[in-house]
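# Understanding the architecture of this molecule
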Amino acid sequence: MCSSDLWGFNYRGQLGIYSDFAFDDTCDPTEIMNHVISIEAGSSTSACITDMNELYVWGMNVNYQVGNGSSYDARTPKFILGNTSSVILEEEYSAAITLDGELYMWGSNESNKLGVYDNQIHDTPVWVASNMKQISLSRDSLYNTTFAINNSGELYAWGYNNGKYSASGTRNRTPVQIYKDVIEVCQGIEDMAVITSS
């Protein structure tokens, strides 16, 4: 049985340790949950997936990136989604892919980086696309671009774009295919990189 042990700053509840004190930091590893198979740390937000494929998120929630329908920081783990295979967190938004390849996102939708047309904040997971296997979120709130690879190796992009990521040079409000034969994608603040099969 695996457990998630966390330590460090806890000023936004990112350790999952409930306390009445605003700054309950710890240098000692503290067990938060059992039956954990995967863990993710974002910008003062944390997440884990259990051996039942249940996604839990906690910590900073000013942009609704925890996904539990609240804007208050979550100082203990909150169940968000079932049937989950992977999760990724960034400062303003979060994403998860289910075991059957369904992509869900939540949090700030500035510049349509969630991949839904409405440009509104989503405080719980919203479905974005099917047949996905990997996602890369923007590391900087200035550029707000999201990438995802589907099971056929097609790379999709959406969000601010800034004229750099697709041939159209325009903002993509929903996922648009921009490349193919892609195995892996990552992005920095102002650039991106892919590994292809050809």
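To start, this report covers the structure provided alongside it. Predicted model only: the values in this text are computed from it and were never measured. (Residues numbered from 1 in each chain as written. Predicted model: local features only at pLDDT ≥ 70, side-chain atom pairs only at ≥ 80, totals over all residues. Heavy atoms only, no water.)

## Quick word on the sheet that holds strand E5 (residues 55-59)
The strand order across the open sheet formed by four strands is E3-E4-E5-E6, and the pairing between neighbours is antiparallel. Because the sheet does not close on itself, it has two edges, and the strands there are strand E3 (36-41) and strand E6 (74-81). On average, adjacent strands in this sheet sit at an angle of 20° to one another, irrespective of strand direction. Pairing of strand E4 (residues 45-50) with E5, which is carried by five bridges, proceeds in the antiparallel orientation. Counted as the bridge partner of threonine 45 is glycine 59 from E5. (Pairing = 2+ DSSP bridges. Helix = DSSP H or I, 4+ residues; strand = E, 2+ residues; numbered from the N terminus. Axes fitted to C-alpha atoms, helices over the stretch in contact; angles between N-to-C directions.)

## A word on the pairing of strand E9 (residues 103-107)
For a regular strand, the rule is simple: side chains alternate between the two faces of the sheet. Counted residue by residue, E9 has four buried out of five residues, so it is predominantly covered. Taken together, the five bridges between strand E8 (residues 93-98) and E9 define a ladder with antiparallel strand orientation. Directly across from tyrosine 93, in E9, lies its bridge partner glycine 107. The pairing of E9 with strand E10 (residues 122-129) spans four bridges and is antiparallel. Bridge pairing in E10 links glycine 107 to histidine 122. (Buried < 20%, exposed > 50% of the residue type's maximum accessible area, 1.4 Å probe, protein only.)

## Notes on the packing of aromatic side chains
Evaluation of the coordinates by the stated rule reveals one aromatic pair. Here the guanidinium or amino end of lysine 113 rests over the ring plane of tyrosine 93, the centre of that ring lying 4.8 Å away. Positioned above the aromatic ring of tyrosine 117, the side-chain terminus of arginine 173 is 5.3 Å from the ring centre. (Phe/Tyr/Trp six-rings, centres within 6.5 Å; stacked < 30°, edge-to-face > 60°. Lys NZ or Arg CZ within 6 Å of the ring centre and 35° of its normal.)

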